[in-house]
Each structure stands twice: as C-alpha cells, then as structure tokens.
Amino acid sequence: MYSVILLGTGNLAQHLFDAFISAPNVKIEQVYGRNAEKLKRFQPQVATCSIPSEIKDADVYIIAVKDDAIVQVAEHLSSKKGIVVHTSGAKEMDCIPIPNRGVFYPLQTFTEGKPLDFKDIPVCLEVKQDSSLQLLQALAQEVSGRVYQIDSEQRKKLHLAAVFVNNFTNHLYHIGEDICQKEGLSFSLLQPLIQETAKKILEISPIEAQTGPARRGDDQSIKSHLSLLKNQKHVELYTLFSEAIKKVYEEKL
Ligand SMILES: NC(=O)c1ccc[n+]([C@@H]2O[C@H](COP(=O)([O-])OP(=O)(O)OC[C@H]3O[C@@H](n4cnc5c(N)ncnc54)[C@H](OP(=O)(O)O)[C@@H]3O)[C@@H](O)[C@H]2O)c1
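Since this is a predicted model, take the numbers as computed values, not measurements.

1. A short note on the overall build of the protein chain
The secondary structure content of the protein chain amounts to 10 helices and 8 strands. When the backbone C-alpha atoms are referred to their principal axes, the protein chain occupies close to 65 × 40 × 30 Å. Here the protein chain holds 253 residues, and 25% of them are scored as buried.

2. Topic: the site of the ligand
The environment of the ligand is formed by 23 residues, the closest being Gly 10, Leu 12, Val 65, Ala 69 and Ser 88. Among the secondary structure elements, those contributing two or more residues to the shell around the ligand are helix H1 (11-21) and helix H3 (70-74). Here the element with the most residues in the shell around the ligand is H1; it accounts for 3 residues. Along the lines of polarity and charge, the residues of the shell around the ligand split into 8 nonpolar, 11 polar and 4 charged.

3. Section: the sheet that holds strand E8 (residues 147-149)
Spatially, E3-E2-E1-E4-E5-E6-E7-E8 is the arrangement adopted by the 8 strands of the open sheet, whose pairing is mixed. Either end of the sheet is taken by a strand with one partner, and the two such strands are strand E3 (48-49) and E8. Pairing analysis gives 3 bridges linking strand E7 (residues 123-127) to E8, with the strands arranged parallel. Across the sheet, the residue bridging to Val 123 is Val 147, located in E8. Each of strand E1 (2-7), strand E2 (26-32) and strand E4 (60-63) is contacted by H1, which is oriented at about 155° to E2, the strand it contacts most. The sheet strands contacting helix H5 (residues 152-182) are strand E6 (101-106) and E7, and the helix crosses E7 at an angle near 155°.

4. Concerning the pairing of E6
With respect to burial, E6 is a largely interior element, 6 of its 6 residues being buried. As defined by bridge partners, strand E5 (residues 83-86) adjoins E6 across 3 bridges and the pair is classed as parallel. When the sheet's bridge partners are listed, Val 85 is paired in E6 with Gly 102.

5. Quick look at the domain arrangement of the protein chain
For the protein chain, the assigned domains read domain 1 (2-150) and domain 2 (155-252). Here the C-alpha centre of domain 2 lies 35 Å away from the C-alpha centre of domain 1. With 9 residues of domain 1 at the contact, the number on the domain 2 side is 6 residues. Counting residues per element, the ones that place at least two in the side of domain 1 that touches domain 2 are E6 and E7. Its residues assigned to classes, the side of domain 1 that touches domain 2 comprises 6 nonpolar, 2 polar and 1 charged.

6. So, the nonpolar core
Soluble globular proteins: nonpolar side chains tend toward being buried together. Core analysis: the largest hydrophobic core is formed by 41 residues, its most contacted members being Leu 6, Leu 7, Ile 62 and Ile 63. Looking at this core element by element, the count peaks at 5 residues for H1.

7. Side note on the environment of Glu 236
Inspection of the secondary structure assignment puts Glu 236 in helix H10 (residues 232-249). With 11 C-beta atoms packed within 10 Å, Glu 236 lands in the exposed category. Glu 236 sits 10 residues away from Leu 226 along the chain, and the two C-alpha atoms are 9.3 Å apart.

8. Re the environment of Lys 157
Take Lys 157: it is sitting in helix H5. By the C-beta count within 10 Å, which is 12 here, Lys 157 ends up exposed. Here the alpha-carbon distance between Lys 157 and Asp 120, two residues 37 residues apart in the chain, equals 21 Å.

9. Examining the pairing of E4
Consecutive residues of a regular strand have side chains that alternate between opposite faces of the sheet. Side chains of E4 alternate between two faces, with Val 60 and Ile 62 and Tyr 61 and Ile 63 buried alike. Where E4 meets E5, 4 bridges bridge the pair, whose relative direction is parallel. Bridging across to E5, Val 60 finds its partner in Ile 83.

10. Here's the deal with the environment of Asn 35
Its location among the elements puts Asn 35 in the loop between E2 and helix H2 (36-39). Under the C-beta neighbour-count criterion, Asn 35 is labelled exposed, with 10 such atoms within 10 Å. Sequence spacing of Asn 35 and Ala 64 is 29 residues, and the spatial spacing of their C-alpha atoms is 14 Å.

Reading the values: the criteria
- Residues numbered from 1 in each chain as written.
- Predicted model: local features only at pLDDT ≥ 70, side-chain atom pairs only at ≥ 80, totals over all residues.
- Helix = DSSP H or I, 4+ residues; strand = E, 2+ residues; numbered from the N terminus.
- Buried ≥ 20, exposed ≤ 12 C-beta atoms within 10 Å, placed from the backbone.
- Near = placed C-beta within 6 Å.
- Nonpolar A, V, L, I, M, F, W, Y, C, P; charged D, E, K, R; others polar.
- Pairing = 2+ DSSP bridges.
- Contact = placed C-beta atoms within 7 Å.
- Axes fitted to C-alpha atoms, helices over the stretch in contact; angles between N-to-C directions.
- Domains from an automatic or database assignment.
- Core = buried A, V, L, I, M, F, W, Y, C linked by C-beta atoms within 7 Å.

In structure tokens form, the structure reads like this:
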C-alpha cells in the first residue's frame, strides 16, 4: 500500500484525488490546503488539514499548487522522509529544496467538475534519487497505463508543445465562438469540424492534415477574411498564422 498526501485543493488536486481514491493499492493519508472551505470536498473520505505542522507522514507528497507556490509549500515538508514531488510541466525538479524530490506531471488539461479517465493520461516522472523511482513508478501505474521517465529539460519542451496544441488552440476556439456569436450563429456548427481536426491527426501528421486558404495560397480569400475582422488582435493573429502556414508549404505552392 502506498500512502500519499496531496497538497493543494484546485483543479489537478481534485482529479488526482478522484483517481487515487479508487486505486486499490493507494491510501490518501491526508489532503492539505490553505482554504478550509475547499477542503470540505475531500472531508467525507479522508483527513484534511490547513496547518502545515499538522501534515502527517507518508510515502509520497504530491504538491499540486500553483507553480509560484511550489517552493513555499515544499518548505513545510523539509523534515519528512517520503519523496516530495510537484506536478508542474514548467518548473524544474530542482526547485524543490529537499533531497528526496521528484516530479509527477500528468500531461492533460484538468478542469474542476469535468471528470476524466486517468488511465489514458501520460504521467511524466522524474526523480532525484534513483532509489525513489520504483515507488513513484508503481504509484503512477496505479492510476495510469502511460507512465514515462522524462527529465526537466524535456518536460519543459513538452509543456511548451502542450501550450501550442492546447492553450493556443483553445484560444482560437474562443475567437471562433466570438465571431459566430456576433453573427447570431451557433458555435455548435463548428463542433464537427473541431472534432474531425483533432481525430485526423491520430492517423496522419499535422503537416499532411492542413487545409485552408493559407495552405492553398488563396490570397483573395485571405484578403476577404481580413476585411471582415474588426478586432485588431484577431487581424494580427490571422496574418501571423497565415504567414506561418504559407511558409511551411511555400515550396509546394
Ligand atoms: N490544470 C491543469 O490542467 C494542470 C495540468 C498539469 C499540471 N498542472 C499543475 O498542477 C498544479 C496546480 O494547478 P491547478 O490547475 O490545479 O491550479 P488551481 O486549480 O489554480 O489550484 C491552485 C491551488 O494552489 C493553491 N495555492 C496557491 N497558492 C498557494 C500558497 N501560497 N500556499 C498554498 N496553496 C496555494 C490554491 O489554493 P487556494 O484555493 O487557497 O488559492 C489551489 O489549491 C500546477 O503546478 C500546474 O502546473 C495543472
């Protein structure tokens, strides 16, 4: 049985809690959070605390707080024997000021109240002390079928790639929704297109999957789209993306 303490009560902490609570060989010893109201969600099932000196002993401490607070929270764990890991894609492992440290980074977008099946989520692990690797791997395998060892430099690049494919794409959905709403059109009209775009790259590479005016070099259509945009930021983004796409395919045009 692996004993775990979760530190944090936000999006990821809630998803980790739901995954670990039903794992047969994991015991969530405690959830730590500074906000007593948010701890209520966990209280029917496990012990909670909001005072650092009351944090219990465990095999693994998982810090799932905002990136800028990781060090501050880790400092409460300096006398603990278990491994202390953070869950961030962007922060290096060595930011944790404790010898037995590591990273447990689940590569997915987690939102409160939006359940996910953890078993398909890649979990990227890193440890400072080799002796802790087996424990962290076994813990990750309790919830995920996709566990990888990835160092801090690679993880930062992975996170960078994730920002492009998730955060930026989602912002583009937002712009699409805004354009539809202003025309009284339902955003749901675009949903089959969004789904097919995501499905397609499971079978062919993004470079093969690209379509549209910039790939074809249809400059008149590009001009016409630009003339329809009223928001200057959207004009800049449209121009930037069209130029970037054109550059990729220009030899073929
Ligand atoms: N969400 C994702 O999709 C995702 C995916 C992979 C990895 N991660 C990583 O998971 C970690 C948590 O992200 P999240 O999305 O769960 O964030 P979140 O929903 O914004 O939750 C942040 C948590 O941090 C706590 N916190 C902030 N400052 C604190 C401090 N000084 N001391 C103690 N607790 C503090 C917050 O407590 P209060 O409620 O009291 O403010 C809250 O519990 C981050 O390192 C992030 O990079 C997130």
